[in-house]
Amino acid sequence: MNFLEKIFSRLNHAPGRVLLAEAHEGGSPRALPASGDRTATGAELLAQIAAARAFLRASGLAKGDRCALVAPNSIRWAALDLAILAEGIIAVPLYARQAPAELVAMMRDAGPGLTCCGDAALRDSIAAAWPDAPRLVLFDEIFATPAPASLPPPIPLAPQDAVAIHYTSGTSGEAKGVILTVGNLSHMLSCTTARLDQVMGPRDVPDRVFHYLPFCFAGSWILLLSCLSRESVLTLSTDLTKLADEIRGAGPNYFLNVPTLLERIRTGVEDNLRTRGGTIAKIFNRAWAAWLRLDAKTPRPGDFLWLGLAGMFIFPSIRKRLGPNLRALICGSAPLARETQLFFMMLGIPVLQVYGLTETTGICTMDDPRHIDPGRVGPAIPGIEMKLGENSEILVRGPNIFSGYWNRPEQTAQVLHDGWFHTGDQGDVDANGNWRITGRLKNLIILNSGHNIAPEPIEEELFRVLRGARQVMLIGNGRSFLAAIITGEVARAEIESQMARLNAKLPHYRKIWMFHTVQELFTIENGLLTANGKLKRDAIAARFAVEIERMYARTGQ
């Protein structure tokens, strides 16, 4: 059976069990009705899928046609996505928060016969930006369709059949549509479900999973399909402003994260303890210092005492606030700071890093929960080959590699050579096969001295020590030294102090000599972040070109 057939088999074998829930009123599925629009059992989800399939058929879409899906996460999003796949239609999930012009550019490229919108405001904004758009319909219209008494099983699909076009972030230039196939998904889900089995161990109750990242991103979509492929109850966030309450209410065993959230959690814990002060803060600080020494294999007498005291009086309450059932945190989309991973491990919460790109069906490597190496992203998943190419570029080959970019054969040929996908990411691998991501080739800063500098590690280190900073971006291409643009509210003296400390341990060509602070944050809405939160470096440099020139003019560089 392929991945889709397995999911439908699972739904048919769980008619009365809640599989999906939306986090309303505190976030707990237990506080919600046994059935209805806030939860879905296997039978209820199948009924919603049937209604959506009937609508799609009535709309005249056939196998191989494209259908765009533009809406926030919801049970109905999942049902519609499965209906699209079951009809052999190619799903084109798009990020609802992107600017209408960006959405329309991707839709024009994909050429969907139908676009399904979560609400009228979103539909109207697309229609205004694209007056000649093909049919735009609302979820309400789709799910108002009476579900037929019976529908055939999903349309038979071959491994090479396309099931989705996911658009890349477009950090520099136009976003490209990544074609993912049945074979890609079938292999990937066999890997993710096996790894989640390792995380959870033998169990007689379903996993409790919480999710807040948009399903239109490949890794996020893989988690949804993984949960529907195994014994899970997946609770979906409905209000990111109440994320902490939703997580506590859902009581998850694990959930997928981006580094930003884990950094915020760590900073929040440390700030709270610093504010409280007294004995508790003293114990925590000494325990943290002891933990770092143990990691560096330079322990001192008394280290285990401080860790023991913190383990008795501090760590349990922190873990309880994060979730009493938490077994692991999963983190992807960008490298997580090594110290942050160590921080959660000290609390007794393993953080499993995942590395991958849309072109690799979201995942190339996953941490093995039995052998986590902080700062690395784990070994290649089974069946996947990885090696280093020129300039330490990571190359990947295997059944997870996409079939090509939609309508872009030349760009496909630029990244696929002899079956190897050239990721554009730089990294290294240790003797145990654990990979580390060190930068992105296209982000390399080349000084006029000829030195090549990966900005990400320096940015992450400076961001980590600057309290109040929201974003840090290095500049200096073609210049004689590095400078930084920093958003947030940070005192100038604080920046100068922390930069001096950082520079003291860096070679001369990697030191940061100047900086410019910006009150306005880089966001998706102002065009300075991609849909999944990565810096649009070219756009930022263009936006602050005058300030950048002014910085370098002070030194004549």
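Structure shown above.
I will try to describe carefully the structure that is included in this document. (Residues numbered from 1 in each chain as written. Predicted model: local features only at pLDDT ≥ 70, side-chain atom pairs only at ≥ 80, totals over all residues. Heavy atoms only, no water.)

Spatially, β23-β24-β25 is the arrangement adopted by the 3 strands of the open sheet, whose pairing is mixed. Edge positions in the sheet fall to β23 (469–475) and β25 (512–518), since each has one partner strand and no second. Averaged over all neighbouring strand pairs, the angle between strand axes comes to 25°, with direction disregarded. Examined bridge by bridge, β23 and strand β24 (residues 482–488) share 6 bridges and lie antiparallel to one another. If you follow Q471 over to β24, its bridge partner there is T487. Sheet contacts for helix α17 (residues 492–503): β24 and β25; angle to β25, the most-contacted strand, approximately 150°. The sheet contacts of helix α19 (residues 545–553) involve β23, β24 and β25, and relative to β24 the element is tilted by about 135°. (Pairing = 2+ DSSP bridges. Helix = DSSP H or I, 4+ residues; strand = E, 2+ residues; numbered from the N terminus. Axes fitted to C-alpha atoms, helices over the stretch in contact; angles between N-to-C directions. Contact = heavy atoms within 4.5 Å.)

With respect to the helices and strands, E459 occurs in helix α16 (residues 455–465). Given a relative accessible area of 7%, E459 falls into the buried group. Engagement of the side chain of E459 in a polar contact is seen with the backbone nitrogen of L474, the distance being 2.9 Å. Discounting chain neighbours no more than four positions away, the residues touching E459 are V472, M473, L474 and R537. (Buried < 20%, exposed > 50% of the residue type's maximum accessible area, 1.4 Å probe, protein only. Polar contact = N/O pair within 3.5 Å; in protein donor to acceptor, adjacent residues only side chain to side chain.)

It is worth spelling out the packing of helix α3 (residues 75–86) against helix α8 (residues 218–228) at this point. How two helices pack is summed up by the angle between their axes together with the distance between the axes. At a closest axis distance of 12 Å, the pairing of α3 and α8 adopts a crossing angle of 85°. When the axis of α3 is compared with that of α8, the two are roughly perpendicular. Residues W77, A78, D81, L82 and L85 of α3 form the contact with α8, whose participating residues are W221, L224, L225 and L228. Looking at the contact of α3 with α8, its residues break down into 8 nonpolar, no polar and 1 charged. (Parallel < 35°, antiparallel > 145°, perpendicular 65-115°, else oblique. Nonpolar A, V, L, I, M, F, W, Y, C, P; charged D, E, K, R; others polar.)

Once that is clear, we can look at the packing of aromatic side chains. Scanning the model with the defined rule gives 11 aromatic pairs in all. Centre to centre, the rings of F139 and F143 are 6.2 Å apart; their planes meet at 65°, and the pair counts as edge-to-face. Here F143 and F139 lie together in helix α6 (residues 139–143), a separation of 4 residues that amounts to about one turn. F139 gets classed as buried once you look at its relative accessible area, which sits at 3%. Between F210 and F255, the ring centres sit 6.0 Å apart and the planes meet at 90°, which makes this aromatic pair edge-to-face. (Phe/Tyr/Trp six-rings, centres within 6.5 Å; stacked < 30°, edge-to-face > 60°.)

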